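Given next are the chains, with one letter for each unit.
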Amino acid sequence: TGHHGSPLMDTGITLNPQRRADMVASGAWQDQTLLDYLDTTVARTPDRPAIIGYRVGDDTRTELSYRDLDQTVTRMAAGLAALGIQPGDVVACQLPNWWQTTALHLACLRIGAILNPLMPIFRERELRFMLAHGEARLLVIPKLFRGFDYEAMIDGIRAELPRLETLLVIGGDGERSFEQRLLDTPWEDTTDTQTLFSQRRPGADDVIQILYTSGTTGEPKGVMHTSNTLFANVRPYAERLHLTPDDTVLMASPVAHQTGFMYGIMMPIYLGTTAILQDIWDADYVCKVIAADSPAFTMAATPFLADLVKAAPNHGGELDSLRIFVSAGAPIPSAVVEQAGRVLKATIVSAWGMTENGAVTMTCPEDPPERASQTDGKALPYMEVNVTDFQGQPRPAGEEGRLLVRGASLFVGYLKRPELYGVDPDGWFNTGDLARMDPDGYIRITGRTKDVVIRGGENIPVVEVENLLYTFPGIADVALVGCPDERLGERLCAYVTLNDSATELTLDQIKAYLVEQQLAKNYLPEYLEVIEAMPRTASGKIQKFKLRERARSVRLAPGPRDGAR
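Throughout what follows, the structure given in this document is the object of discussion. These numbers were taken from a predicted model, which means no experiment stands behind them. Residue positions are given per chain, counted from 1 along the sequence in the order it is written. Totals for whole chains, interfaces and linings use every residue, but because this is a predicted model, local features are given only for residues with pLDDT of at least 70 and side-chain atom pairs only at 80 or more, for both listing and counting. In computing side-chain values, all of the structure's heavy atoms are included and hydrogens and water are not.

### Describing the overall build of the chain
The number of helices and strands found in the chain is 17 helices and 26 strands. For a compact globule of 565 residues, the expected C-alpha radius of gyration is about 24 Å, and the chain comes in at 23 Å, within 12% of that figure. Considering only C-alpha atoms, the chain reaches an extent of 70 × 55 × 55 Å along its principal axes. With a 1.4 Å probe rolled over the protein chains alone, any residue whose accessible area is under 20% of its type maximum counts as buried; one over 50% counts as exposed, and the rest are partly exposed. Counting only residues that meet the buried cut, the chain has 60% of its 565 residues in that class. Contact between two residues is taken to exist if any of their heavy atoms lie within 4.5 Å; hydrogens are not considered. Here the analysis covers contacts within the chain between residues at least 6 apart in sequence; of these, 71% occur between residues at least 24 apart. With the model as given, the accessible surface of the chain reaches about 21,900 Å², and the carbon-plus-sulfur share is 48%. Neither His nor the chain ends contribute to the count of charged residues, in which Lys and Arg are positive and Asp and Glu negative. Charge coordinates come from a single atom per side chain, which is NZ of Lys, CZ of Arg, CG of Asp or CD of Glu. Within the chain, one finds 55 positive and 73 negative side-chain charges whose respective centroids are separated by 2 Å. For the purposes of this entry, the term helix denotes a DSSP run of H or I that reaches at least four residues, the term strand denotes a run of E that reaches at least two, and both are numbered from the N terminus. Here the globule rule reads 2.2 Å times residues to the power 0.38, and the radius of gyration is calculated from C-alpha atoms. Only the protein chains shown count as cover for residues, with accessible areas throughout obtained via the Shrake-Rupley method and a probe of 1.4 Å.

### Re the sheet that holds strand S14 (residues 324-328)
Picture the strands of a sheet paired through backbone hydrogen bonds; they go either parallel or antiparallel. If DSSP finds at least two bridges between two strands, the strands pair. The mixed open sheet is built from nine strands, whose spatial order is S2-S1-S12-S11-S13-S14-S15-S16-S17. Edge positions in the sheet fall to strand S2 (60-65) and strand S17 (378-379), since each has one partner strand and no second. Of the strand pairs in this sheet, strand S1 (residues 49-55) and strand S12 (residues 275-278) are connected by four bridges, and their pairing is parallel. Across the sheet, residue Ile-51 finds its bridge partner in S12, namely Ala-275. Along the sheet face, helix H3 (residues 66-82) touches S1 and S2 and points at about 85° away from the line of S2. A fitted line through C-alpha atoms serves as each axis, taken over the contacting stretch for helices, and the angle formed by two N-to-C directions is quoted from 0 to 180°. Packing of helix H4 (residues 99-110) onto the sheet brings it into contact with S1, S2 and S12, and relative to S1 it is tilted by some 140°.

### Overview of the nonpolar core
Counting residues in each nonpolar core, the largest one holds 157 residues, and the members touching the most others are Tyr-237, Met-267, Phe-297 and Val-326. The greatest single-element share of this core, amounting to nine residues, is contributed by helix H10 (residues 258-271). Discounting chain neighbours no more than four positions away, the residues touching Val-326 are Tyr-237, Leu-241, Phe-297, Thr-298, Met-299, Ala-300, Val-349, Ala-351 and Met-362. By nonpolar core we mean a set of buried residues, namely Ala, Val, Leu, Ile, Met, Phe, Trp, Tyr and Cys, connected to one another through side-chain atoms within 4.5 Å. Within the second largest apolar cluster, 18 residues are counted, among which are Trp-352, Val-385, Ile-443 and Ile-445.

So this is what it looks like as structure tokens:
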């Protein structure tokens, strides 16, 4: 199967026949796409709500049945084809958790296009790179979200994006209006959709999603996934949590992250259940939504759990439908698990994963509660984890080493960067994390070999921010490290040395400078210390571990309530 000659096929996909044969034989890859599950659910329960969308800003609720969703997707897919989208083309969207993201992904699948979700927090600097690198031909954005004008931002960089032919704006006007161009025109009446969709239906090994991950090497990398790699995670994930078609899914984590995408867009359709999407994290609003729509499951970064636990006592009994809360992105403080046990009926499950794999390890709902605060879980079916030293020799139980993973949900490459696909001949992928494993196979992430700070579930591209600060007049040396934060996991600390000419420097000055450089606000340092000299190795490398130790004693005032969002 597959589109031969589609633009992305020569851009670094690594899918060897042996891996495919092994995965099919193990039952991990079942050659199903999200369209197969959609068709089944539409036939079985057409009137069931597919998506309930809450927009917190204007307090609105939108509901689409599976029949509505199916008809909307048919129209959108025919419309995208009429706008010139070909199999293998990249369609980008920078959208919050709105129903349109789910519909757009399904419409892309119908005509063999690839969706590239982009985080709503991204600004010119990130988008200029990602939209050019992915060669997106069409981009869907909100007109306004959280008071920010996305249309004006894209207009400012559009001249640098020659491949971007079409811009569609949700809530926009005229030619650019998403509603007028895709939803209000009955494209299905002028298109033989049956023939179009059957000719273009993607195979389960075709790339259907590209997500950019901000690593440490400077440029973001475009992670490529297929239906097989994604469902090899979604299925065992749902099974470990004992989720059924009766379990409504609540997703307030961004659907432009793998968490929101796999468990907020794909998993509900796979289960044949309802997805509740909420576009801004607000704990009191979440409580209102849970009371109204009785979800059984949600997954979010650790700070969200802490917020929910704080808000829960004001909502006695209203949150009892929630059976499972999966928390990831940072260790869960044991105090939070204990509090959750008192104020929520939900079982707290901890997980660890990456854009490259989805959730790789997870505790089980039947595990004792302390497992969730003391470990990041054990490997899901079809995945394996291994802790080794830097020479590749296994480390004994309880000893720290490099965390390697292999298996069915491992991605198939970084877009146009095949040389970065760090998978050894035995299929092991080096995660860049440090971990230890207990005798039962449960792991604990202990640090990172690569230099990332994770603030509220969001990876901060440390190297990129450092490089920008090096261009600030008067700064001689700069090193960014995370300082521990109870709510957000980590916050960004800047340590700098100054040139002789410079006398003083304030945090506000460097923040203003970085905003001028069009850096996303979530990536701004929250603490600055000017030091005499950097701690260095004999060869002159800055010893960040010493700065991390120093940052442990930094106590920052609580940040804004919405955390990383």
